[in-house]
Amino acid sequence: MLGLVPGAKPEQGGSAPGLGEIGPSPWVVKCMGRRYSAARSGGAVVIQDVTDITRPFPVGLAEPDSESLWTVRTPRGLLAGRTGGTLHAIAALREASLPPAVPSPGTEQA
């Protein structure tokens, strides 16, 4: 289980909406080389990887936790973090779903 997303707070300004601003129409963003969509369904924001549009898959959802923070969980219900920012939620879910980093060939480990 991961802790709080560093600097967790609603996103202000810029082009990325906060989780509370996401509506029922999907908001799509390219993040870390993949495409993600976020759309409100009921009270939660459902986040999917839509890189392959023929096979989108859910990466998690965010549910309101307080006035400005949302609880972000993987599809299996594991806590990925708490944030108000959509991009923070995507990053936390991606980190929670990827295996530990494998060093690139030719790099040495200390």
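For the structure itself, consult the block above.
Calculation rules
- Residues numbered from 1 in each chain as written.
- Predicted model: local features only at pLDDT ≥ 70, side-chain atom pairs only at ≥ 80, totals over all residues.
- Heavy atoms only, no water.
- Salt bridge = Lys/Arg side-chain N within 4 Å of Asp/Glu carboxyl O.
- Helix = DSSP H or I, 4+ residues; strand = E, 2+ residues; numbered from the N terminus.
- Buried < 20%, exposed > 50% of the residue type's maximum accessible area, 1.4 Å probe, protein only.
- Core = buried A, V, L, I, M, F, W, Y, C linked by side-chain atoms within 4.5 Å.
- Contact = heavy atoms within 4.5 Å.
- Pairing = 2+ DSSP bridges.
- Axes fitted to C-alpha atoms, helices over the stretch in contact; angles between N-to-C directions.

Draft legend 1. Region of interest: the pattern of salt bridges. Summed over all chains, the structure comprises two salt bridges. Here Asp65 and Arg82 are joined by a salt bridge, their closest N and O atoms 2.5 Å apart. On the criterion of sequence distance, the pair formed by Asp65 in the loop between strand 4 (57-64) and strand 5 (70-73) and Arg82 in strand 6 (residues 79-83) is long-range, its members being 17 residues apart. Using a relative accessible area of 39% as the deciding quantity, one classes Asp65 as partly exposed.

Draft legend 2. Highlighting the nonpolar core. Counting 19 residues, the largest nonpolar core has Val45 and Ile47 as its most contacted members. Where this core is concerned, the elements lending two or more residues are strand 1 (27-31), strand 2 (34-41), strand 3 (44-49), strand 4, strand 5 and helix 1 (86-97). For this core, the element with the highest residue contribution is helix 1, accounting for four residues. Once residues lying within four places of it in the same chain are set aside, the contact partners of Val45 are Leu19, Ile22, Ala38, Ala39, Arg40, Gly60, Leu61, Ala62 and Trp70.

Draft legend 3. A look at the environment of Glu63. Within the secondary structure layout, Glu63 lies in strand 4. Classification of Glu63 as partly exposed rests on a relative accessible area of 37%. Separated by 23 residues in the primary sequence, Glu63 and Arg40 place their C-alpha atoms 9.8 Å from one another. Beyond its immediate chain neighbours, meaning those up to four positions away, Glu63 contacts Ala44, Trp70 and Thr71.

Draft legend 4. Looking closely at the sheet that holds strand 5. Within the open sheet, the six strands sit side by side as 1-2-3-4-5-6. Their pairing is antiparallel. Pairing within the sheet leaves two strands with one partner each, and these edge strands are strand 1 and strand 6. Mean inter-strand twist for the sheet, computed between neighbouring axes without regard to direction, equals 25°. Pairing geometry for strand 1 and strand 2, over five bridges, is antiparallel. For Trp27, the partnering residue across the bridge sits in strand 2 and is Ala38.

Draft legend 5. Region of interest: the environment of Gly23. One can find Gly23 in the segment before strand 1. Overall, Gly23 belongs to the partly exposed group, its relative accessible area being 24%. Residues Gly23 and Ala38 lie 15 residues apart in sequence; the distance between their C-alpha atoms is 8.5 Å. Once you skip the residues sitting within four places of it in the chain, Gly23 turns out to touch Ala39 and Arg40.

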